[in-house]
Amino acid sequence: MFRKAQQIVAAENPYLYVMFPEGIKKYDISMLFNEIPVFRKLADDELFSKAHLSPGGYGVIWNDDIDLSVDEIWEKGETVTL
């Protein structure tokens, strides 16, 4: 099943908050720094703050080289309770 996000907030680096119809997830992007070297570039606050949803809401995009499926965020992110 493909998840679809409604909104994203690039909070204090390295945390993303992503709103889904089913709830909100907090995702620590730094866990990808060692797994996928290109993600280390997101340690830069200016680049990190450029996070935005892809058309349709199926991914998070920073630039032409760095993107992330919202399925990853849903599966590995921490559920936020309000």
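Refer to the structure presented above.
Each value, and the rule that gives it
- Residues numbered from 1 in each chain as written.
- Predicted model: local features only at pLDDT ≥ 70, side-chain atom pairs only at ≥ 80, totals over all residues.
- Heavy atoms only, no water.
- Phe/Tyr/Trp six-rings, centres within 6.5 Å; stacked < 30°, edge-to-face > 60°.
- Helix = DSSP H or I, 4+ residues; strand = E, 2+ residues; numbered from the N terminus.
- Buried < 20%, exposed > 50% of the residue type's maximum accessible area, 1.4 Å probe, protein only.
- Lys NZ or Arg CZ within 6 Å of the ring centre and 35° of its normal.
- Core = buried A, V, L, I, M, F, W, Y, C linked by side-chain atoms within 4.5 Å.
- Contact = heavy atoms within 4.5 Å.

(A) Quick look at the packing of aromatic side chains. Under the definition given, this model contains two aromatic pairs. Note on Phe39 and Trp62: the rings are 6.4 Å apart at their centroids and 80 degrees apart in plane angle, and the pair reads as edge-to-face. Note that Phe39 is positioned in the loop between strand 3 (23-28) and helix 1 (45-48) and Trp62 in the loop between strand 5 (59-61) and strand 6 (67-69), a separation of 23 residues in sequence. By relative accessible area, which is 4% here, Phe39 ends up buried. Taking the ring centre of Trp74 as reference, the NZ or CZ of Lys25 above it sits at 4.6 Å. Between Lys26 and the ring centre of Tyr15, over which it is positioned, the NZ or CZ distance is 4.4 Å.

(B) Geometry of the nonpolar core. With 21 residues, the main nonpolar core has Leu16, Ile29, Phe39, Leu42, Trp62, Leu68 and Ile73 as its most contacted residues. Of all the secondary structure elements, the ones that give two or more residues to this core are strand 2 (15-20), helix 1 and helix 2 (70-76). Once residues lying within four places of it in the same chain are set aside, the contact partners of Leu16 are Ile8, Val9, Ala10, Lys25, Lys26, Tyr27, Ile29, Phe48, Ala51, Trp62 and Ile73.

Read these as geometric descriptors, not functional statements.
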